[in-house]
Every structure is written in C-alpha cells, then in structure tokens.
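The chain contents come next:
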Amino acid sequence: MFLVPFAMVLLFIVFHNRKNKLIQEKIIEKKKFAAELAESEIEIREATLRNISWELHDNIGQLLTLAKIHLQNSDNDPDKIKESVEILGNALRELKALSKSINPESLKNMNILEAINNEIDRFDRMNFIHSHFEISGNPFQIPQKDEIIFFRIIQEFFSNTIRHSRATDLKIRCIYENKILKILVSDNGIGFEITDESKGIGLKNMKTRAELIGAELDINSIIKKGTTLTIQKKYHET
Amino acid sequence: MKIPNYIYLSLQLIACIFALIYWRKYKQSSLWIFLPFLIYTFLNEIIATYFALNFKIRILYNLYIIVSFLVYLYWFDRLIKLKFWKWIILILFCFVVFYDIQTKGIIKPLLKTAINFEAATVLILSVVFFMKLLRKDEVIGYYKLPEFWIVSGLLMFYLGFVPLSLIVGMGHKIEDLYIISIIFLNFLLYGGYIIGFYVSGKR
C-alpha cells in the first residue's frame, strides 16, 4: 500500500520534469527559429540590394549610357534624337519596374508565388536565363514565416544557378495538393558533386532552415545535366 | 449498510454527477464510455448492497469484472491503438474467465484470476500510455488531459489492489487494513474520474 503514494509522487515528478524539459527545448527551438528567420530576412534584403545594384549597372545604366552615346553623336539628327528618346523611355520603364519590385510595402505583402514571379521578371529583364514558372492545384495560404524561409531557400538556389551553373533554363513548379505544398526548382546547368564539401555548407544551411519549419528538402545534381531542388511541407487542416 | 458501502456509493455517485455535467464536452471523444459504465457501476453497487443479505450477489460482481475489463480494453485501444494486441488480450481474458468458471463456478466465488488478469492488463496498458504520452508534445499540458487523470486513477487503484489481492489470496487476515486500503484506492480511482471529467469540461 505504501507503494501507491510513492508511485503517485513519482508519476508527477516524472511528468513535471518532462514538461519542464520540453518547455526548455521549445524555448530554445523558438529562439533558434527566430534567429534563422531574422537571418533569412537580412539575407533576402542583401540579395535584393545586390540585385538592384546589378540591375542599375547592367540594365538601366547600359540603357542610359547608350542614350548618352546616341545623343553625343546625334548632330541634331532627328532620327538619332528620336532613337535616344526611345532608349530613355525604355530606361524609365525599367526604372519604374525596378522601383515597384523593390517597394518595401509591396515586398512585405507579397506571397511566395508573387515573390518568385518577381524574381523571374527580373531574370527576364536582365536576360539572365530563360525561366518557366508553373503553378498546379489550388494555392492555399501558408504562414508568412514559412514563406520567408521557402523564398530564401529558392532565392539561394536561383543565385547559385545564375552565378555558378551556366544554365540556360530554369524551371519552377509549385504544386498545391492535399494540403501539401511542393516546390520543384531545376536548372540545366553544369551540376555539381553533391558530396563536394565546399558546397556542403550551403546545402546544410538550406536543409537546416527547411527543418526549422518542418519541411523536407532534397537536392539532386547530375554533372553536365543540372540540379533539382525539392522542398515540400504538409499543412494540416485549420 | 456499512460505512464503507456508503463511501463507495458516494464516490461513484459524485463521479456519475461529474460525468453527467460535462457529458456534452466529451461525448464525441472516447471518454463517452465512462458515463454508461459509471452509471452501471453505481447501480450494480446499490443492487449488490441491498440484496447482499438475501441473494448470492457474487454473480453481479463477476459480471462487473467482465464488463469493466471490456470497457478498459475498449478505452485503452482508443487511447494507444492496441491493434492486434487487443484480440490477444481478449482471447487470454476469455481463457482466464473460462478457467475461473470451470474451477470455481460463477455464482458464488469471485473470478479472482480474472480480477488479477484485469489488474495486470490495466497496469501494463497504463504504463504504455504514460510512456507514449511522455514522448508527445501534449505532455506540456498533461494536467489538462482527462486521459491522464483517468489512467492515473486506474494505475493507482490497481497498483494498490494487486498486492492486497495477493496478500488476501495467501490467506492472511487483514480485514480492517483491506477495507481502509480499498476505501483509499477508491478515492484515488474515482478522484481520477472526477478530475478527468472536470478537466474535459475546461478543455
């Protein structure tokens, strides 16, 4: 009979300790998540600034330089002046598009699909790569924190494709099916060795971030064939 | 009627009242089984108490042992998904009951092997339930889970009941201690039910 009060106390001690341990783990997890989220946001901003710099230099800057050369060599030739005006008009349009795409308010309210579209528009403007974006299923809303992490992972992939892969085609597929969001991004670049340690840190970073939001991430790469990124997460019914 | 009977009946009645008050809150969950079961327990106890002098009431308790075992098995199956194990446990219980009936009959003596089998089953399944619960995030709010309180009550009851039953079975005369212990264990068992229904209402 003395066993019963002892067992009762023991049961509550075990549960109380487990509860406290789990709460501690949750707090640490939450802090880690917040830190990663903040870092992702900073990286997105940095990437955006880098993209603006490229776009100003390689696109708008080029158009303005061209217009300047045309005007310098025009000798009041109406045709050349007209051509310069057209180039200036193009530059102005590009500037407006750029301004719209980097407006903090519109960036804040953008969902993952709009953000990807924005990136693709930029690739088109810059003639970086031929890209194809496809959405299947019925898009559903996902938490903003997840959108940030998803987008950062995809942005990192885009950046690697543009900078290192020498790819000519980029395909993005967002599949919404049975409360699962699956994003597939692939290029036809030179690929890389998955076991290559120099690439390992970036991949590990992507995987860690995906794990933080409970998503599954997989990267496959075949030398001279290209690289494919797959991220997916199941969302429960609300 | 003796004082311990009043205590048992009072505890069962309070548990029934709590089960009725919070019925709407838990009727969609597996807890629903406990309202009819507690009403049956209470009525069984009343009938057994009032007819104890004139009739052979052991059959009522024997029937209660079988019903309670089936209720607990159903509930643990819903809680921890026993899968094929429930059939194994059920077949073993049938054998045990058959053995008791064959060796002692069902009318007069209690189905003691069946009670001990039931106690051992509830103890094992309670431990499995707690181990599973400890691995879940739900453990953060364990005290808000009606299942936690009901299983705690069952675990404590049978944890105390098994050694008592063994001591009595060995022929030791511990009548007073036995009655006090059973009252104490009933407090734990029905206390578990009462808190369980209460927290189900607050959930």
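For the structure, check the block above.
What you see is a predicted model, and the numbers here were worked out from it, not measured in a lab.

### Side note on the overall build of chain B
Part 1 of the reasoning: Looking only at helices and strands, one finds eight helices and zero strands in chain B.
Part 2 of the reasoning: From first element to last, N terminus to C terminus, chain B shows the α and β order α-α-α-α-α-α-α-α.
Part 3 of the reasoning: Sorting the 203 residues of chain B into buried and exposed places 49% on the buried side.
Part 4 of the reasoning: Surface summary for chain B: the accessible area is close to 11000 Å², and the carbon and sulfur share equals 71%.

### Here we look at the pairing of strand E3 (residues 180-187) of chain A
The two faces of the sheet receive side chains in turn, since in a regular strand these alternate between them.
Residues and elements named next belong to chain A.
Part 1 of the reasoning: With burial as the criterion, only one face of E3 is covered, namely that bearing Leu181, Ile183, Val185 and Asp187; the residues Ile180, Lys182, Leu184 and Ser186 on the opposite face remain uncovered.
Part 2 of the reasoning: Where strand E2 (residues 169-177) and E3 come together, eight bridges link them in antiparallel fashion. By the bridge assignment for E3, leucine 170 is matched with aspartate 187.
Part 3 of the reasoning: Linkage of E2 to E3, two consecutive antiparallel strands, is achieved through a turn of two residues, within which asparagine 178 is found at a positive phi near 45 degrees.
Part 4 of the reasoning: Inspection of the sheet shows E3 paired to strand E5 (residues 226-234) by eight bridges, in the antiparallel sense. Among the inter-strand pairings, isoleucine 180 is bridged to a residue of E5, identified as lysine 234.

### Description of a positive patch on the surface
Part 1 of the reasoning: On the surface, Arg78, Lys81, Lys83, Lys132, Arg135 and Lys136 of chain B cluster together to form a positively charged patch.
Part 2 of the reasoning: Under the relative-accessibility criterion, lysine 132 of chain B is labelled partly exposed at 35%.

### Let's talk about the environment of glutamate 43 of chain A
Residue and element names in this part refer to chain A.
Part 1 of the reasoning: You can see glutamate 43 is positioned in helix H1 (residues 3-72).
Part 2 of the reasoning: Here the alpha-carbon distance between glutamate 43 and glutamate 156, two residues 113 residues apart in the chain, equals 9.3 Å.
Part 3 of the reasoning: Here the side chain of glutamate 43 touches arginine 152 through a polar contact of 2.7 Å, side chain to side chain.

Rules used throughout
Residues numbered from 1 in each chain as written. Chains lettered and ligands numbered in written order. Predicted model: local features only at pLDDT ≥ 70, side-chain atom pairs only at ≥ 80, totals over all residues. Heavy atoms only, no water. Helix = DSSP H or I, 4+ residues; strand = E, 2+ residues; numbered from the N terminus. Buried < 20%, exposed > 50% of the residue type's maximum accessible area, 1.4 Å probe, protein only. Areas by Shrake-Rupley, 256 points an atom, 1.4 Å probe, with all protein chains shown as cover. Pairing = 2+ DSSP bridges. Patch = residues over 30% accessible without salt bridge, like charges linked within 9 Å, V, L, I, M, F, W, Y side chains within 5 Å. Salt bridge = Lys/Arg side-chain N within 4 Å of Asp/Glu carboxyl O. Lys, Arg positive; Asp, Glu negative; His and termini not counted. Charge placed at Lys NZ, Arg CZ, Asp CG, Glu CD. Polar contact = N/O pair within 3.5 Å; in protein donor to acceptor, adjacent residues only side chain to side chain.

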